[in-house]
Amino acid sequence: MTMEKLIFRIPRKANSSLLAFLLLASPLGFAQDNAPADDQSTPQEAPHQVPQQAPEEIPQDARDATASEATRVLLARLAQAVANLEYRGLVTFEHVGSMETLEVVHGIRDGEQVERIRYLTGSPREKVTRSGDEQCRSSGSVFPRSGLLSAAGLQTVQSNYAFLIRGEERVADREAIVLEARPRDLHRFGMVISVDKETGLPLKSMLIAPAGRVLERFQFVELDLTPVTDDELKPQTPSTEPSTGDEAAKCATVESRWRLGWAPSGFKPVAVQALSDGQMLVFSDGLSAFTVFVQQLPEMNYKGRAVRGATVAYMDHIDVNGARYTVTVVGEIPDNTAQLVAKAVTEAN
Amino acid sequence: MSHGSHQQRLNESLSALMDGEANELEIQRLLKESDASGASDGELGHRWSRYQLAASVMRGEKVAPVDMGLAASISAAIADEPSLESAQQASANDAGNGQARSRWWRPLSRGAVAATVAFAAILGVQQMQAPQVQGDLVAEVEAPQPQPVTTNPQPGRFLTPTLNTRAVSTAPQLVPEQRVGPAPQVQVVPTPELMRHLNRVMVEHSEQAARIGSQGMVPHARATYGERPSE
């Protein structure tokens, strides 16, 4: 039997003996490292190596500060990348036992983000979104395009979530840092985001319910960071209409007719918009969001929950001056929270 | 003896060794040659590595390419050590037999060391991969009974025929408030208006969430998920 056969067969059989083998082998590795150094060793080089081991002795406080600084930098890079990078890729999107694959394209045109998403499985669905970011900003809307971009936004997010760096992994053939956002209360879900080391783009993100249940997982399979052409941002399905529509109207600031008697801590109103049959109010804690719809919908008496993927909708109604309004709270938030919010809707005075 | 036929015979011996069929004479020939040219940087050494690699690939094994430079520096390190040869030098001078034995030893020990290094290299690859295989982060720490999202779509998990399932799965699932007794899932026949409303608010919400922007493409994926397929 030849030597190579021995080498390759053993690993499958006995792992522990392998480990022993590795331990035996590692001194050899060191010897090999040292050998060239010994050959041409200069006296100055040897003391050089000693101070490098000092970081072990940094006090705990300083290390915590360094860690939170590291997450801050990572979050800021993530926010930048999400808003400013052009890319295309293939993605798997999973929730509650089903998985779909989709094609995503993200481009920047005239300072606006243009996204095209096309499902490659299931019924053909496609959408091109043009976020009227510039318009909204010039119209003085309160939309924080990325709450994480500002220092204040970062602070808000960090008061609602504890951020931990959980290690590293490889996603879509790229090295990523795994960041966990752990909620500080029960009114929001956690997230685990694998951030691309090179660009800061989230390569994988999971939404985590209490007890570690994964509600949703979005993960790149393939990512291409070369500039996106105009053609790539055009819908492939002929009937797809770009949902630019009434951007100007969407950005217009509306005085809210409704308010929340109670909202989970950290969720702040970020937008109020008029609908044809009512209003919608958007709240965010910097990472997750929920939207409260108050509408006059005849014949709509359903009361309860509806779930699709990680998104929950809780429906209820309120009577104001003899008129019935349907309240729907929608978001990636726990059911109970959605229900509490729905019950807290009152008319603003 | 021409150089060409010598080389050819060496190659034949080498493949015989690979197949485990080399006789003692062939082994002697190979060892002698490798001693003369240096196993790691000689033509023979390269050919040997190629054969090994090819054999591994044919067996479908994961291959960690062995760095020839590394092998060379290791044999250099070994060469520096007082070898068996020098220990036996006195007796080797007397008998040619003894020198043959020492030639036997040296390349063998080199081979053993090289094998160990290759081993470590392969192990290294496996160790690096292991955490990724286990690595469901959340499951590892917080979840006593994790329900990870199934990676592969399994039509068998659904009771209804595939075509129906697709249509149903993108629609919101209703869980009404009025739960009676132990049966939590009261079957409500959703009106088309209700489903339209729910779909509309979910899509609208996702579009708004996308504007907040900290989640990248995810809200867009959610919004598109509920899009009505084009008729």
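To be clear, the structure that these remarks concern was listed above.
Residues numbered from 1 in each chain as written. Chains lettered and ligands numbered in written order. Predicted model: local features only at pLDDT ≥ 70, side-chain atom pairs only at ≥ 80, totals over all residues.

J.: Quick question: what am I supposed to make of the overall build of chain B here?
T.: The helix and strand inventory of chain B stands at 11 helices and 1 strand. Each helix (α) and strand (β) of chain B, taken in turn from the N terminus, gives the series α-α-α-α-α-α-α-α-α-β-α-α. Taken across its 231 residues, chain B has 24% of its residues classed as buried. Put simply, 41% of the contacts in chain B that link residues at least 6 apart link residues at least 24 apart. (Helix = DSSP H or I, 4+ residues; strand = E, 2+ residues; numbered from the N terminus. Buried ≥ 20, exposed ≤ 12 C-beta atoms within 10 Å, placed from the backbone. Contact = placed C-beta atoms within 7 Å.)

J.: Any chance you could explain the packing of helix α10 (residues 192-212) of chain B against helix α11 (residues 218-225) of chain B here in plain terms?
T.: Helix packing geometry: the angle between the two helix axes and the distance between the axes. Residues and elements named next belong to chain B. Between α10 and α11, the shortest axis-to-axis distance is 8 Å and the interhelical angle comes to 165°. Regarding the angle of α10 to α11, the classification is roughly antiparallel. At the point where α10 passes α11, the crossing takes the left-handed sense. Listed contacts from α11 to Val203, Ser206, Glu207, Ala209 and Ala210 of α10 are Pro219, His220, Arg222 and Ala223. In terms of residue class, the contact of α10 with α11 is made up of 5 nonpolar, 2 polar and 2 charged. (Axes fitted to C-alpha atoms, helices over the stretch in contact; angles between N-to-C directions. Parallel < 35°, antiparallel > 145°, perpendicular 65-115°, else oblique. Left-handed = near helix turned anticlockwise from the far one by under 90°. Nonpolar A, V, L, I, M, F, W, Y, C, P; charged D, E, K, R; others polar.)

J.: Is there a simple way to think about the nonpolar core in this case?
T.: Soluble globular proteins: nonpolar side chains tend toward being buried together. Counting 81 residues, the largest nonpolar core has Met191(A), Val292(A), Ala313(A) and Val329(A) as the members making the most contacts within it. In terms of residue count, the dominant contributor to this core is α10(B) (8 residues). Setting aside chain neighbours within four positions, we find Val292(A) in contact with Met280(A), Leu281(A), Val327(A), Val329(A), Val341(A) and Val345(A). (Core = buried A, V, L, I, M, F, W, Y, C linked by C-beta atoms within 7 Å.)

J.: Can you help me understand the sheet that holds strand β8 (residues 202-209) of chain A in this one?
T.: Strands belonging to one sheet form pairs held by backbone hydrogen bonds; the direction of such a pair is parallel or antiparallel. All names here are of chain A. Read across the sheet, 9 strands follow the order β4-β3-β2-β1-β9-β8-β7-β6-β5 without closing on themselves; strand pairing throughout is antiparallel. Of all the strands in the sheet, the pair left with one neighbour each is β4 (126-130) and β5 (161-171). With direction set aside, neighbouring strand axes in the sheet form an average angle of 20°. Sheet topology note: the strand β7 (residues 190-196)/β8 ladder contains 6 bridges and is antiparallel. (Pairing = 2+ DSSP bridges.)

J.: Help me out: how do you make sense of the sheet that holds strand β12 (residues 278-284) of chain A in this one?
T.: Across the sheet, which stays open at both edges, the 7 strands sit in the order β11(A)-β12(A)-β13(A)-β16(A)-β15(A)-β14(A)-β1(B) with antiparallel pairing between neighbours. On the outer flanks of this sheet lie β11 (268-275) of chain A together with β1 (173-176) of chain B, each paired with one strand and no other. Adjacent strand axes in the sheet meet at a mean angle of 20° when their direction is disregarded. Of the pairings in the sheet, the one linking strand β13 (residues 289-295) of chain A to strand β16 (residues 323-331) of chain A comprises 6 bridges and is antiparallel in character. Bridge assignment links Val294(A) to a residue of β16(A), and that residue is Val327(A). The strands touched by α10(B) within the sheet are β11, β12, β13, β14 (304-308), β15 (311-320) and β16 of chain A, with β13(A) carrying the most contacts at an inclination of about 135°.

J.: Looking at this structure, how should I read the pairing of β16(A)?
T.: Regular strands place side chains that alternate from one sheet face to the opposite one. Residue and element names in this part refer to chain A. Summarising burial for β16: 7 of the 9 residues are buried, a large majority. Pairing of β15 with β16, which is carried by 9 bridges, proceeds in the antiparallel orientation. Note that in β16 the partner of Val320 across the bridge is Ala323.

J.: What exactly am I supposed to notice about helix α8 (residues 335-343) of chain A here?
T.: Given 3.6 residues per turn, any residue in an α-helix points the same way as the ones three and four places further on. Residues and elements named next belong to chain A. For α8, every residue scored as buried is listed here: Thr337, Ala338, Val341 and Ala342. When α8 is viewed along its axis, its buried side chains cluster within an angular range of 135° and face the same direction. Of the surrounding secondary structure, the elements contacted by the buried residues of α8 are β10 (258-260), β13, β15, β16 and β17 (345-347). (Arc of directions from axis to C-beta.)

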